[in-house]
Number of protein chains: 2
Amino acid sequence: MSLLYERVAESLRGQIRRGVLRAGERLPSLRRVGRQQQVSLATAVEAYVQLEREGLVEARPRSGYYVRGAAPDLPEPALRRTPRAPCAMRNPALLDVLDVLTRSDLLPLHAATPSLELLPAAGIAAAVARTMRRHRDAALRYAMPQGQPGLRLQIARRYAHCGVDVDPDEIVVTAGAMEAISLALRSVTRSGDVVLLETPTYYGLLQAVAALGLRVVEVPNRPGAGIDVAQLEGLLARHEVRAAVLVPNFNNPVGSLTGDAGKQAIVAACAARCVVLIEDDLYGELAYSGTRPPPLRRFDRQGGVITCGSFSKMLAPGLRVGWAFGSRWTDELLRAKCFSSVATASLPQLAIADYLAHHDVDRPLRRLRRELAANAQRYRDVVARYWPAGTRVSEPVGGMALWLELADGVDAQALFEAALAQGIGTLPGHLFSNRDEYRHHLRLSCGLLWDAKIEQALRAVGALADRLRKEK
Amino acid sequence: MSLLYERVAESLRGQIRRGVLRAGERLPSLRRVGRQQQVSLATAVEAYVQLEREGLVEARPRSGYYVRGAAPDLPEPALRRTPRAPCAMRNPALLDVLDVLTRSDLLPLHAATPSLELLPAAGIAAAVARTMRRHRDAALRYAMPQGQPGLRLQIARRYAHCGVDVDPDEIVVTAGAMEAISLALRSVTRSGDVVLLETPTYYGLLQAVAALGLRVVEVPNRPGAGIDVAQLEGLLARHEVRAAVLVPNFNNPVGSLTGDAGKQAIVAACAARCVVLIEDDLYGELAYSGTRPPPLRRFDRQGGVITCGSFSKMLAPGLRVGWAFGSRWTDELLRAKCFSSVATASLPQLAIADYLAHHDVDRPLRRLRRELAANAQRYRDVVARYWPAGTRVSEPVGGMALWLELADGVDAQALFEAALAQGIGTLPGHLFSNRDEYRHHLRLSCGLLWDAKIEQALRAVGALADRLRKEK
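Residues numbered from 1 in each chain as written. Chains lettered and ligands numbered in written order. Predicted model: local features only at pLDDT ≥ 70, side-chain atom pairs only at ≥ 80, totals over all residues.

S.K.: Is there a simple way to explain the overall build of chain A in this structure?
M.R.: Summing up its helical and strand segments, chain A has 16 helices and 16 strands in all. In summary, chain A has a C-alpha radius of gyration of 24 Å against a globular reference of 23 Å for 472 residues, a match within 12%. C-alpha atoms of chain A, sized along the principal axes, occupy 75 × 55 × 50 Å. Taking all contacts inside chain A whose residues are at least 6 apart in sequence as the whole, residues at least 24 apart take part in 74%. (Helix = DSSP H or I, 4+ residues; strand = E, 2+ residues; numbered from the N terminus. Rg over C-alpha atoms; globule rule 2.2 N^0.38 Å. Contact = placed C-beta atoms within 7 Å.)

Dropping the structure here:
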């Protein structure tokens, strides 16, 4: 018995030491600790009393145990203050690009979403119908904030396939990966904290980080190589980084895979410095090789990783069902979820759980991967044959993004606008940078069902690039 | 022509002066300004050039116009800093209450959601089926971040019924009212800003505000009377309040209605001090009188109100479809939406739009209002007859909350726990306070279909209150 409570106490001491539990924060309830650590309520009580004796925590009547230290309650403001500078936002031009993202009249070489023709739309539709027939009331009622238990079980099973143990009780179902990352950032960081991102990286991550008033340091992700681990280690040594938001599996826009050794080193470096790792595992299932690479969590011994993912790129974008999990952070994620959107919509959750329970999802996934891999090669071929000599293009190994470096310094924004004028959507590279880099890069998406129209559009953008090059 | 551009310029000057547009922020695109103010692109250009001449704004190449002033870009962090105190959070005990909120084994006198029996569930189910039949692909694809146009039109029409002009293009569809308010707060405030709330008020608002690191001042909302406007004016004079989050239509938990004169005074007081008003209009359609009271927007001449609402309490809680609108803030709301959840799920949006297009929603609403009003009276009767003498209970005029003050200082937390032990869910009053008030208050919800089991449960909680009173 005494060994058991000491193990629980030591785990909590570590969390306080590493700042996972901060001064003034409430410790998990005794029941929850008991459940998490698989000990009796009495053992949990003993552990808390021990920490109280050590002066690390304090009990507050009818409320629970708290880490001792600062933390006044939500304070009354004093008096009128002078206005402050606004939270800095990069890439404000993004809002104009958003207009583009939502235009339905474009040939969407810009949209990183697979065509419905490549997804099991009929199976999902059948699952929706079955759900409404069998579970109509549950589909229309509020779901639990944490998410529908059957769906959480399916998510945990999917991760078990790639050797990752996830407790369904640590999973929080979200409205897609973007909400998952946003909740994770809000759970882990405070305004002014430093966050490490890749460069280039998905503009949505840059925006989410900027919106929270966070500061950024950037580590390169290179086509064909992935995250530069040595640089990451150097950055962690120089800056007090609170969290890293990384996409080791098929970074968007680069399409690279960071190998297992790199992942292991990243997890170790972050653990050593108490940096919380937030992994965007959105594209993990879309490996062209057919072998799903593990998420960072696979190498995590200390519970320092929050894994975020979604069914958006593999089943149904419009149902907006994703997830976040990270054992230490369940309470925080859940609270953030509750008070930003209460719960994810019930019908989409139940429909996806039904689909996963009734279908072998690996079948449509195999087809999707094969088509994406073929598309990437087709895009590369067209670029090689029809774009100006000197154009460089990434060789993605998963996902659906291609990253092009334009020949002879052609301006990507100009190319973006010229293509737009011809009804073709692309994305200029600087969206993927926090420092206005990549002015000569372009991102294309290869998620569409290949046909002559796409080939024509790709050739047309190449011709525009050539014209811009000559006009210089 | 010259008068037109001057009108546009003056509107923007005012926004800069009032801090709606802050130093370093990007002005709306020329196209957007043209659309908003119904002038040609040339006139918008002329207005911007004029403001540039005056030194108020500056053009940045390929990016747009910015308010001149401070605002460095998302900065590189310098060096390791000392840790800061965490963002203060009140009501941490809430997480245990959340466990309660999601337990399905309780008799839910705590859940402020109507029984499905009181909602048009069959009609919604038919709308889901129709949507999947007619618009399957759109239901499974990403929706526009701003929301499905047909749904936005229906929302605008609904507001037109109560005399409020809303442009469908200013509406942002959200995952319920909670996301709407969270987006509004994130669009308008920065960490450290002061926000005015009612007391008592919905604990979700307190949590959302705390999570953003905002500070709080509180204005009383009284059963039968509504928001204390004189106190509100005094608070605005004493504190530099950035935004007010108010529930004038059937405040939860008090159930009061703030009258039109009060609303008008609130809008005027906030406009005079450039305080952004965020209205939670979640219960607006649930007036027991049958007359839907106007939202604050009705009295807004300056575009200083953001209206948030949802179909959760009137059609289908589990579909998670709500909205936020406020003409000035469309860009900010849209950006916050994009980078926190990309878009609201498509199928629920389309299904609700379909329902509204094919049904007279006022019919089920009439029934719902009638049942809620009858329930409130039934609850009051049971409390009057069976609870300890001296128990006071609110007389709501809309919504589904009852607010009880327990007799002889009975402790609400103790009553909450005793009821829980008997399988009955209630909510202790202190959840609805930022200052640990309402220790002797209890919130009950009257959204369930009335039956003998509910009456028994209500009487049982009354008996427990009596026992606690005697034990004191």
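Next comes the rest of the account.
S.K.: Would you mind showing me how to read the domain arrangement of chain A here?
M.R.: In many analyses, interface size is given as the accessible surface area lost on bringing the parts together. According to the domain assignment, chain A contains domain 1 (2–67), domain 2 (94–114 + 363–471) and domain 3 (121–358). Taking only C-alpha atoms, the centre of domain 1 of chain A and the centre of domain 3 of chain A are 28 Å apart. (Domains from an automatic or database assignment.)

S.K.: Looking at this structure, how should I read the sheet that holds strand β15 (residues 427–428) of chain B?
M.R.: What holds strands together in a sheet is hydrogen bonding between their backbones, with the strands either parallel or antiparallel. Residue and element names in this part refer to chain B. Pairing is antiparallel in the open sheet, where four strands are placed in the order β12-β13-β16-β15. Every other strand in the sheet has two partners, leaving β12 (392–393) and β15 as the edge strands with one partner each. Alignment of strand β13 (residues 401–405) against strand β16 (residues 441–445), held across five bridges, turns out to be antiparallel. Bridge pairing links Leu402 to Leu444 in β16. On the sheet, helix α14 (residues 362–386) packs against β12, β13 and β16 and is oriented at approximately 20° with respect to β13. (Pairing = 2+ DSSP bridges. Axes fitted to C-alpha atoms, helices over the stretch in contact; angles between N-to-C directions.)

S.K.: What am I meant to see in the pairing of strand β10 (residues 305–310) of chain B here?
M.R.: Successive residues of a regular strand alternate their side chains across the two faces of the sheet. Residues and elements named next belong to chain B. Buried residues dominate β10, accounting for six of its six residues. Here β10 shows two buried faces, one formed by Val305, Thr307 and Gly309 and the other by Ile306, Cys308 and Ser310. Two strands pair when backbone bridges link them, and strand β9 (residues 276–280) and β10 are joined in this way by four bridges, in the parallel orientation. Residue pairing across strands places Asp280 opposite Cys308, the latter belonging to β10. Sheet topology note: the β10/strand β11 (residues 322–325) ladder contains four bridges and is antiparallel. Of the residues in β11, the one forming a bridge with Cys308 is Ala324. (Buried ≥ 20, exposed ≤ 12 C-beta atoms within 10 Å, placed from the backbone.)

S.K.: I keep staring at helix α8 (residues 176–188) of chain B and nothing clicks. Help me out?
M.R.: In an α-helix, one turn spans 3.6 residues; hence positions three or four apart end up facing the same way. Its 13 residues place the ends of α8(B) 19 Å apart at the C-alpha level, agreeing with the 18 Å of an ideal helix rising 1.5 Å per residue. For α8(B), a buried count of 13 out of 13 residues is recorded, marking the element as mostly surrounded by other parts of the structure. (Expected span 1.5 Å × (residues − 1).)

S.K.: I tried to follow the packing of helix α14 (residues 362–386) of chain A against helix α16 (residues 452–471) of chain A on my own but got confused; where do I start?
M.R.: Pairs of packed helices are described in terms of their axes, by the angle between the two and the distance that separates them. Residues and elements named next belong to chain A. Two numbers describe how α14 lies on α16: the axes approach to 10 Å, and their chain directions differ by 40°. By the angle between their directions, the pair α14 and α16 is classed as oblique. The element α14 and its partner α16 pack so that their crossing is right-handed. Contacts between α14 and α16 involve Tyr379, Val382, Val383 and Tyr386 from the former and Glu455, Leu458, Arg459 and Gly462 from the latter. Looking at side-chain class alone, the contact of α14 with α16 contains five nonpolar, one polar and two charged residues. (Parallel < 35°, antiparallel > 145°, perpendicular 65-115°, else oblique. Left-handed = near helix turned anticlockwise from the far one by under 90°. Nonpolar A, V, L, I, M, F, W, Y, C, P; charged D, E, K, R; others polar.)

S.K.: Explain unusual backbone geometry here, please?
M.R.: Both trends apply: most residues other than glycine have a negative phi, and most peptide bonds are in trans. Residues and elements named next belong to chain A. In this chain, Thr199 is followed by Pro200 through a cis amide linkage whose omega measures 0°. Residue Pro253 is reached from Asn252 by a cis peptide bond, and omega for that bond is 25°. Inspection of the secondary structure assignment puts Pro253 in the loop between β8 (241–246) and α11 (260–272). The phi dihedral of Phe250 falls on the positive side, at around 65°, and the residue is not glycine.

S.K.: Looking at this structure, I do not really get α11(A). What am I missing?
M.R.: All names here are of chain A. Compared with an ideal rise of 1.5 Å per residue, which puts 13 residues at 18 Å, α11 spans 18 Å between its outermost C-alpha atoms and is within 8% of the ideal. Residues Lys263, Ile266, Val267, Ala269 and Cys270 constitute the buried set of α11. Projected onto a plane normal to the axis of α11, the buried residues spread over an arc of 165° and lie on a single side. Directly beyond the C-terminal end of α11, a positive phi value near 60° is found at Cys274. (Arc of directions from axis to C-beta.)

S.K.: Explain the pairing of strand β6 (residues 215–222) of chain A to me, please; I cannot follow it from the model alone.
M.R.: All names here are of chain A. In terms of residue burial, β6 counts as a mostly covered element, since six of its eight residues are buried. After leaving strand β5 (residues 194–199), the chain enters helix α9 (residues 203–211) and then returns to the sheet as β6, a path that is right-handed. Pairing geometry for β6 and strand β7 (residues 226–227), over two bridges, is antiparallel. Looking at β7, one finds that Asn221 is bridged to Ile227. Taking the residues between adjacent antiparallel strands as the criterion, β6 and β7 are bridged by three residues, where Gly224 takes a positive phi near 80°. (Right-handed = clockwise from strand over helix to strand, strands pointing away.)

S.K.: Just to check I follow, could you spell out the sheet that holds strand β6 (residues 215–222) of chain B for this structure?
M.R.: Residue and element names in this part refer to chain B. The eight strands are arranged β4-β11-β10-β9-β8-β5-β6-β7 in an open sheet whose pairing can be described as mixed. Among the strands making up the open sheet, the edge pair consists of β4 (171–174) and β7 (226–227). Direction of pairing for strand β8 (residues 241–246) relative to β9: parallel, over a ladder of four bridges. Bridged to Ala244 within β9 is Leu277. Against the sheet, helix α9 (residues 203–211) engages β5 (194–199), β6 and β8, with an angle of about 165° to β5.

S.K.: What is the right way to read the environment of B:Gly226 from this model?
M.R.: Residue and element names in this part refer to chain B. Structurally, the position occupied by Gly226 is in strand β7. Distance from Gly226 to Gly262, taken between C-alpha atoms, is 8.6 Å for residues 36 residues apart in sequence. For Gly226, the residues in contact, after removing those within four places along its chain, are Asn221, Pro248, Ser256, Leu257, Thr258, Gly259 and Gly262.

S.K.: In this structure, what is going on with the environment of A:Glu198? I would like to understand it.
M.R.: All names here are of chain A. Assignment of secondary structure puts Glu198 in strand β5. Classification of Glu198 as buried rests on a count of 28 C-beta atoms within 10 Å. In sequence terms Glu198 and Ile227 are 29 residues apart; their C-alpha atoms lie 7.3 Å from each other. Those residues in contact with Glu198 that sit more than four places away from it in its chain are Glu218, Val219, Asn221, Ile227, Leu246, Val247 and Asn251.

S.K.: Can you help me understand the environment of B:Leu427 in this one?
M.R.: Residues and elements named next belong to chain B. Structurally, Leu427 is set in strand β15. Separated by 17 residues in sequence, Leu427 and Leu444 place their C-alpha atoms 6.8 Å apart. Not counting residues up to four positions away in its chain, the partners in contact with Leu427 are Val97, His110, Phe416, Leu442 and Arg443.

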